[in-house]
Amino acid sequence: MPLIQSQVVETHGWLSMNEFINLITIAEMTPGPIGVNAASFVGTRIAGMGGAIIATFACILPSCFIVSLLAYIYGRYKQVSALQNILACLRPAIVALIASAGFSILGTVVFNGNHIQLSSVDWIGIGTFIVAFIVLRKWKWNPILVMSLCGVVGLGLNLLMGGIPK
Amino acid sequence: MELEKDIELQSDIGEKEVETHKRTDAKKEHRGKLLITLFLNTLYISTFTFGGGFVIITFMKRKFVDDLKWINEQEMLDMSALAQSSPGAIAVNAAILIGWKICGFPGMIVAVIGTILPPMVILAVLSFFYTAFAGNGYVALLLKGMQAGVAAVILDVVWGLGGNVIKERSKLSIIIMLTGFVAAFVFDINVIYIILAASMIGICKAILPRRQGVKS
């Protein structure tokens, strides 16, 4: 992110700092990886649809090369015992990282991004989370359906409780 | 007689050729179907996945491991490790790896396009009226509600994965998992260091028993 900022805002002057902050908000709010989102946004602003396509492809091309190389190595040497050992140690670490990502999202849901104190607890958020978790674990609902329902339920409940947002 | 036999043989060969043709056709058709399924699934996952790279990995795990059974859980975790340690977006890297694994080079292209198309289109459209979108209270509430769902989806997948790690009853794996979690979540240590540390443990584990073997 800081890298994108220095290139786009400072070196080339394609966006103002304000526009850049908006870009971050949108990139985080919409689906897709932030790097790709930022590239399409900046590309469109500067050169329309063509700009978006070129910026996105330029953004993923280097990783395409590197990752295919890694994929090749992985496929070739997967059976080698040294690599097996490393992968065996990496797997629990990856589980830990996914868990950490999940809990930090849960943290922003519960505390609304505020300090950790009882008064800033978002009960609607906790409620939807618990129901969603149970539904996923017990009945194996489609995760995308669960997510969309959570959005609608959260919006509905918040409107009922707090009225129309500013 | 000889001639007849020859002819018979030739027609045999001819039939076999036709058969192999049919088989390659069937293979091609199968491959085509596979590519289409791959494309539609990456497109679908990418359209609805809000948030960072680990979110999309949990969705991919649900789809490709649990539903389609194209890859197993271990491979998915290996791929996540590779995707995380390479430069670039995790989602794109993971798509490259899965596409490659399932259908080779064409699979890779298809999976990557499926993954980047939705955000590209959405962002291109949004960049024209982004202030209206970003400042809209309804949208903000909707997205906030969806975050609760995202957290539930991730933790549901974590529940399964973590359970499997514990079932293995390897003390080392459990210790790595717990310290990794504390390091990432409580101390906010950069992901790269955690991955490096886990790899170092793996390397040590690979070297140590061999030395002991030489000694004895």
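The model shown is predicted, which means the values in this text are computed figures rather than measured ones.

What follows covers the UniProt feature "transmembrane region" (unreviewed entry) in chain A. Residues and elements named next belong to chain A. What UniProt calls "transmembrane region" (unreviewed entry) maps, in this numbering, to residues 52-74, 86-110, 116-136 and 143-164. Secondary structure within residues 52-74 divides into 100% helix and 0% strand; the distance between the first and last C-alpha atoms comes to 32 Å. Here residues 86-110 is 100% helix and 0% strand, with 36 Å between the C-alpha atoms at its ends.

We now examine the pattern of salt bridges. For side chains bearing opposite charge, pairing can occur when the charged atoms are close. The tally for this structure, following the rule as stated, stands at six salt bridges over all chains. Ionic pairing is found between Arg91(A) and Asp78(B), a salt bridge with its closest N-O pair at 2.6 Å. Of the two residues, Arg91(A) sits in helix H4 (residues 81-111) while Asp78(B) sits in helix H3 (residues 73-85), which places them in two different chains. Summarising the burial analysis for this pair, Arg91(A) and Asp78(B) share the class buried. Residue Asp156(B) is joined to Arg137(A) by a salt bridge in which the shortest nitrogen-to-oxygen separation is 2.7 Å. Here Arg137(A) lies in helix H5 (residues 123-139) and Asp156(B) lies in helix H6 (residues 137-167), a pairing that spans two chains.

The full count for this structure, using the stated rule, is zero disulfides over all chains. Of the cysteine sulfurs around Cys89(A), a residue in no disulfide, the closest is that of Cys204(B), at 8.9 Å.

The subject of this paragraph is the interface of chain A and chain B. Taken residue by residue, the interface counts 81 residues in chain A and 92 residues in chain B. In total, about 7,900 Å² of surface goes out of reach between chain A and chain B, with carbon and sulfur atoms giving 79% of it. Taken together, chain A and chain B are joined by two salt bridges. The interface formed by chain A and chain B includes two residue pairs in polar contact (both at pLDDT 80 or more). Elements with a minimum of two residues in the side of chain A that touches chain B: helix H2 (17-29), helix H3 (34-77), H4, H5 and helix H6 (143-162) of chain A. By residue number, the principal contributor to the side of chain A that touches chain B is H4(A), which donates 26 residues. Among the residues making up the side of chain A that touches chain B, the classes are represented as 50 nonpolar, 23 polar and eight charged.

Calculation criteria
- Residues numbered from 1 in each chain as written.
- Chains lettered and ligands numbered in written order.
- Predicted model: local features only at pLDDT ≥ 70, side-chain atom pairs only at ≥ 80, totals over all residues.
- Heavy atoms only, no water.
- UniProt positions renumbered as here; feature names shortened; annotations may be inferred.
- Helix = DSSP H or I, 4+ residues; strand = E, 2+ residues; numbered from the N terminus.
- Salt bridge = Lys/Arg side-chain N within 4 Å of Asp/Glu carboxyl O.
- Buried < 20%, exposed > 50% of the residue type's maximum accessible area, 1.4 Å probe, protein only.
- Disulfide = S-S within 2.5 Å.
- Contact = heavy atoms within 4.5 Å.
- Buried area = accessible area lost by both parts, 1.4 Å probe.
- Polar contact = N/O pair within 3.5 Å; in protein donor to acceptor, adjacent residues only side chain to side chain.
- Nonpolar A, V, L, I, M, F, W, Y, C, P; charged D, E, K, R; others polar.

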